Amino acid sequence: MVTAQSEVASQYNVIGTRPIRHDGVDKVTGAAQYGADLQLPGMLYGRVLRSPHAHARIVSIDTSKAAALEGVKSVITNADFPRASDDVIDTGEGSAQLNWLLDNVIASDKALYKGHAIAAVAAVDHHIAEDAIELIEVEYELLPPVLDVRDAMLDTAPKLHDGLKTGEMDGSKSDGDSNTASHLRFAKGDMEAGFADADVVIEREFVTSMAHQGYIEPHNGTAYWRADGTLDVWTSTQGSFVVRDSVAPLVQLSPSQVKVTPMEIGGGFGGKIPVYLEPLAAILSRNTGRPVQLTMNREEVLLATGPTSGTYMRVKMGAKRDGTLTAGEVYLAFEAGAYPGSPVGAGAMCALAPYDIPNQVIDGYDVVVNKPKTAAYRAPGAPQAEFATEAVINELAEQLQIDPLELRLQNAAVEGASRADGFTYGVIGNVECMQAAQDSSHWNSELAGPNQGRGVAQGFWFNIGFESSAYAQVNGDGTVPLVLGSTDIGGTRASIAMQLAETLGISAEEVRPHVVDTNSVGYTQVTGGSRTTFAGGWAAYECAMDIRRQMAERAAQIWEVDAAEVEYGDDAVIRGPADDEGNERSFGFKELAGQLAASGGHIVGRADVNKTSSGPAFATHIVDVEVDPDTGKVDVLRYTAVQDAGTAIHPAYVEGQMQGGAAQGIGMALNEEYYYDESGDLKNASLLDYRMPTALDLPMIEPIIVEVPNPGHPYGVRGVGEVPIIPPAPAIQAAIADAVGLRMNELPISPRAILEATLPEEG
Amino acid sequence: MTTQTSHIVVNTTINGEPTVFLANERDSLLEALRDRIGLTGAKEGCNNGNCGACCVNLDGRIVNSCLVMAAEVEGSEVRTVEGLADGDQLSPLQNAFLEEAALQCGICTPGFLVAAEALLEQNPDPSEHEIRYWLAGNLCRCTGYDKIIRAVQLAAGQGQD
Ligand code: FES
Ligand code: FES
């Protein structure tokens, strides 16, 4: 493995190295406590009854038999909750309207998808809880389900919500009810002139299936409603403050009455931002006076959480013979699931983002259907939108007979280019990624056999900043406990601690990061949006600067000199003016740390940041595949992922994000789909049938980290988590076209899809 | 109304310790380990044999503990992730997972460690393909498997045990 320091890292002592993560030992010994591992004295176990129907009016619910079962302590329905307002709360990677959020947690008048929660029980044992939900009697009046985004947009479609109108960007609303919750449009230039300038115009349609985040840990939530009216919640979440601010209004408590403790989290990818179980556990606990734990099984996870949107998309692009892109027109219709709020807006902003195209129109539609409410999934909206646009770019390259990387380089967005939504890029690494791909050994190698092909694609994701908080104290032995509010899903304790260590001039091991509850740290946004190492690291940097200032002041006090004469060096040596005898005066970090208690007390540094800036990220992926013409199976033979990380704080975990994101993208490209029958029954709600890549399905994924430091961050960080899920699908689609001449414009490109496209129809 | 369940006394050895526990007759081994014995290292990812997060070693064979009834382990030896380290001495495989950054969220890690340890006991020098084949029953959604495979290779190179 190449672990040589990069050019960027050579400026630093800690950044760019690969220390063992601080939480590592607990995670290899089984000691780490995830949400479902929590056991509290007197704890009850909950279970949720879910709708067997995709669309039905709930006529009545009779819980009496369940409540009478020995060992059952409480049975609740939506009626046990206070009425929720239609206020909208910020959830980090999106927003939620409270009444819809509550209805998704537990249905009120209608069940809107198979698996929609109807009632919940708490019992002394989970076996009894399971028996109890079987005894709940629900009378449904079946309604016709709406399962496809195109069907849902028809005027004649059954409507999911009374009173839902189509909202436009100018604030106007449609007259009649609609399943289309909103329409947005980004435009620049002159489309007619753009297409008139083109020598080649390609227009294609694309369809993608819903796909699940697929975290291995199912959702969990434990709550204890104390007699004094305060509520404790323990949960595996990406955002403890989002859980607090979601649960508090749903159960009519003040945020100050709710304390959320983030447990270790077994994957999220955006899907562990919304609340599902926590409000149910809270009411069950209020009713019983005992802690209540709810966990989902895998079927519930697939039926009722996540996924990302299924889509219908159209892309029309024009280019001159020399390869100059002249116009791009994009139509995106995204399934939101049962309640409005698909990631179509982000998809629309990303669709053409890697390119500088003068004339663009991008339309997006957010459409409700009788499927689970979608949740953020790694670069939400972008894998779909960029699948469609990248596929057309690859097809244009083929028609123009221009190398696909050359075509991209020729049209690449660079500093100063602006997107249709109006954003203008600062320093970005778009071109650098494409060039690194061109220079890679993979791109310059030969394919080895028949039915093999190579594809390439680009990806863009914004990354976000926003609020993070940190505080840290200096212990007498020079170690520094660091207190954070960001759940650590993939090594962010380490990446944030390393930035504190770098700033203080101490080692990563001397910093001890801790993730704490919502009462013990300042407001911190979700671990999502690729923001944690960016904004959390920025908070750590400012926290360390606060410590440096205080350490310098303390040295000045000890030396009885003016603080302005003392300097805290990047080598962690605190230097003052020479004493009366002309002797140099200095303290090492540890030395001064040891004198703090006696010289006026300990030092605590703190910082709260709220950054509206971010570090846009680009990636270029190359893939070789082999298509088996007899079975339609596609094998991924070789994979290279290039990505601009800005500065790679902990390169091993940057590579891990690139490899993991690529693996999820490969799954989305080749296998993963939500397979519904006409009644809206999900036919593959297990990990056997919802087919995620195994170790045997994948080759090594070779990471190439490009570092174009982000000038908008003290250490040049860009986010790294999300962009690598974007290029796999269009790169694989192009590789299949290269291998067997088929352009598959529907995801996933499963063996069945390939066979349907290749086999002659049976007579 | 009452539910009909009875409890069973189970005598077993867990991570080298003779252990007696009371199982609900409906408990899987995974449920017994987690809820009755308090060993929560084995995780539930699917509860139907498809993810490997609950993988434990039962009398020398790796099993998905969600598919084994607790009552079946009477007289057996069970080894879980909690039994891999020798006191505060991590096993070579555990160290290799840390050195190679082979975990992100870590929920799959206990299952991978137990499964990979069994592989290296049988085959101290597995090829990449043999490692991938052996671990195909353990799902990881975070890493793309690269660093897990490399960690197993590293531990093999250092001679696990
Ligand atoms: S929980 Fe046992 S295999 Fe998934
Ligand atoms: S590290 Fe998260 S599932 Fe493997």
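Since this is a predicted model, take the numbers as computed values, not measurements.

Participant: Could you give an account of the overall build of chain A, with specific residues and numbers?
Facilitator: A tally of regular secondary structure across chain A gives 19 helices and 29 strands. For 763 residues, the compact-globule estimate of 2.2 N^0.38 gives 27 Å, and chain A sits close to it at 27 Å. Expressed as a percentage of the 763 residues in chain A, the buried residues total 65%. In chain A, the share of contacts with a sequence separation of at least 24, taken over all contacts with a separation of at least 6, comes to 79%. Accessible surface computed for chain A: about 26,100 Å², of which carbon and sulfur atoms make up 46%. Averaging the coordinates of the 53 positive side-chain charges in chain A and doing the same for the 103 negative ones gives two points 3 Å apart.

Participant: Now, about the sheet that holds strand β19 (residues 466–473) of chain A: what can you tell me, with residues and values included?
Facilitator: Residues and elements named next belong to chain A. Within the open sheet, the four strands sit side by side as β21-β20-β19-β25. Their pairing is mixed. Edge positions in the sheet fall to β21 (511–515) and β25 (604–611), since each has one partner strand and no second. Between one strand axis and the next, the sheet turns by 20 degrees as a mean value, whatever way the strands run. Pairing analysis gives three bridges linking β19 to strand β20 (residues 480–484), with the strands arranged antiparallel. Bridging from a neighbouring strand, A472 pairs with L482 of β20.

Participant: Which residues make up the interface of chain B and chain A, and what values go with them?
Facilitator: If you look at the interface, chain B gives 54 residues, while chain A gives 64 residues. For the pair chain B and chain A, the summed buried surface comes to about 4,900 Å²; carbon and sulfur atoms form 58% of the total. Our count for the contact surface shared by chain B and chain A stands at six salt bridges. Across the pair D37 of chain A and R34 of chain B runs a salt bridge whose closest N-O atoms are separated by 2.8 Å. For the pair chain B and chain A, the number of links is 26 residue pairs in polar contact (both at pLDDT 80 or more). Secondary-structure elements contributing two or more residues to the side of chain B that touches chain A are α1 (29–36), α2 (92–99), α3 (109–122), α4 (128–134) and α5 (146–157) of chain B. Top element by residues in the side of chain B that touches chain A is α5 of chain B. It accounts for five residues.

Participant: Residue-level account of α5 of chain B, with values.
Facilitator: Helix length check: α5 of chain B (twelve residues) gives 16 Å between terminal C-alpha atoms against 16 Å at 1.5 Å per residue, within 8%. Buried residues of α5 of chain B: D146, K147, I148, I149, A151, V152, A155 and A156 of chain B, and no others. Buried residues in α5 of chain B make contact with α17 (651–670) and β28 (701–706) of chain A together with α2, α3 and α4 of chain B.

Participant: An account of the nonpolar core is requested, with residue identities and associated values reported.
Facilitator: Core analysis: the largest hydrophobic core is formed by 213 residues, its most contacted members being L231 and I736 of chain A together with F97 of chain B. The element contributing the most residues to this core is helix α11 (residues 382–400) of chain A, with ten residues. Shared between two domains, this core holds at least three residues of each, these being domain 1 (7–83) and domain 2 (92–157) of chain B. Beyond its immediate stretch of four places on either side in the chain, F97 of chain B contacts V28 of chain A together with A102, L103, T109, F112, L113, I148, A151 and V152 of chain B.

Participant: Describe the sheet that holds strand β24 (residues 585–588) of chain A, with residues and values.
Facilitator: Residue and element names in this part refer to chain A. What the three strands build is an open sheet, ordered β22-β23-β24; its pairing is antiparallel. The open sheet is flanked by β22 (567–568) and β24, the only strands paired with a single partner. Strand direction decides the pairing type here: strand β23 (residues 573–576) and β24, joined by four bridges, are antiparallel. Its bridge partner lying in β24, R575 is registered against S586.

Participant: Account for the pairing of β28 of chain A, with residues named and values stated.
Facilitator: All names here are of chain A. Note that strand β27 (residues 634–644) and β28 share six bridges and pair parallel. The residue of β28 that forms the bridge with T640 is E702. Handedness of the crossover is the feature at issue here: the chain leaves β27, passes through α17, returns alongside β28, and the resulting connection is right-handed.

Participant: Can you explain the layout of surface pockets? Please cite residues and give values.
Facilitator: What the second largest pocket holds in volume is close to 830 Å³. What lines the second largest pocket is a set of 40 residues, among which R47, T295, M296 and N297 of chain A together with E44 of chain B lie closest to the centre. In terms of residue count, strand β1 (residues 44–50) of chain A provides more of the lining of the second largest pocket than any other element does, six residues in total. Residue composition of the lining of the second largest pocket, grouped by class: 15 nonpolar, eleven polar and 14 charged.

Participant: Which residues make up empty space enclosed by the protein, and what are the values?
Facilitator: Residues and elements named next belong to chain A. By the definition in use, this model includes seven cavities of 30 Å³ or more. Quantified by volume, the largest cavity comes out at close to 520 Å³. Together, 34 residues line the largest cavity, and T492, T527, S530, Q657 and G721 are the ones closest to its centre. Elements that contribute at least two residues to the lining of the largest cavity include exactly α14 (492–504), α15 (532–559) and α17. Looking at side-chain class alone, the lining of the largest cavity contains eleven nonpolar, 18 polar and five charged residues.

Participant: Describe α3 of chain B, naming the residues involved and giving the relevant values.
Facilitator: All names here are of chain B. For α3, built from 14 residues, the straight-helix expectation of 20 Å at 1.5 Å per residue is met to within 8% by its first-to-last C-alpha distance of 20 Å. Along α3, twelve of the 14 residues are buried, which leaves the element largely enclosed by surrounding structure. For α3, the full list of buried residues reads T109, P110, G111, F112, L113, V114, A115, A116, E117, A118, L119 and L120.

Conventions adopted
- Every chain's residues receive numbers from 1 upward, in the order its sequence appears when written.
- As a convention, the first chain written is A and the first ligand written is 1, with the rest following in written order.
- The predicted nature of this model means local features are confined to residues of pLDDT at least 70 and side-chain atom pairs, given and counted, to a pLDDT of 80 or more, with totals for whole chains, interfaces and linings taken over all residues.
- Remark: hydrogens and water are excluded; side-chain values derive from all non-hydrogen atoms of the structure.
- Put simply, DSSP marks the helices as runs of H or I at least four residues long and the strands as runs of E at least two long, and each gets a number from the N terminus on.
- Each radius of gyration reported is based on C-alpha atoms, and the globular scaling rule is 2.2 Å times the count of residues to the power 0.38.
- The rule is simple: take the accessible area with a 1.4 Å probe, protein chains only, and divide by the maximum for that residue type; under 20% is buried, over 50% is exposed, in between is partly exposed.
- Contacts are assigned to residue pairs that have any heavy atoms within 4.5 Å of one another.
- Under the convention used here, a 1.4 Å probe and the Shrake-Rupley method define accessible areas, while residue burial counts only the protein chains that appear.
- Neither His nor the chain ends is counted toward charge; the positive residues are Lys and Arg and the negative residues Asp and Glu.
- A charge is said to be at NZ when it belongs to Lys, at CZ for Arg, at CG for Asp and at CD for Glu.
- Two strands qualify as a pair provided DSSP detects at least 2 bridges between them.
- Only the stretch in contact is used when a helix axis is fitted, and all axes are lines through C-alpha atoms; the angle between N-to-C directions ranges over 0 to 180 degrees.
- By buried area we mean the combined loss of accessible area, with a 1.4 Å probe, across both parts when two parts are placed together.
- We define a salt bridge as a side-chain nitrogen of Lys or Arg found within 4 Å of a carboxyl oxygen belonging to Asp or Glu.
- Under the rule applied, a polar contact is a pair of N or O atoms within 3.5 Å (in protein, one hydrogen donor and one hydrogen acceptor; residues adjacent in sequence only if both atoms are side-chain atoms).
- Given a helix with a known number of residues, its expected span is that number minus one, times 1.5 Å.
- Think of a nonpolar core as a cluster: buried Ala, Val, Leu, Ile, Met, Phe, Trp, Tyr and Cys residues, connected wherever their side-chain atoms sit within 4.5 Å.
- Start and end positions for the domains come from either an automated domain assignment or a database one.
- The definition of a right-handed crossover adopted here requires that, viewed with the strands pointing away, the path from the first strand over the helix to the second runs clockwise.
- The definitions used throughout rest on a 1 Å grid laid over the protein atoms alone, on which a cavity is an enclosed set of points accommodating a 1.4 Å probe that cannot get out and a pocket is an open set flanked by protein within 12 Å on both sides along at least five of seven lines; lining residues are those having an atom within 4 Å of a point.
- Grid points are joined across faces, edges and corners, and a volume is the space filled by probe spheres set on the points.
- Amino acids outside the nonpolar list (Ala, Val, Leu, Ile, Met, Phe, Trp, Tyr, Cys, Pro) and the charged list (Asp, Glu, Lys, Arg) are all regarded as polar, and Gly is one of them.

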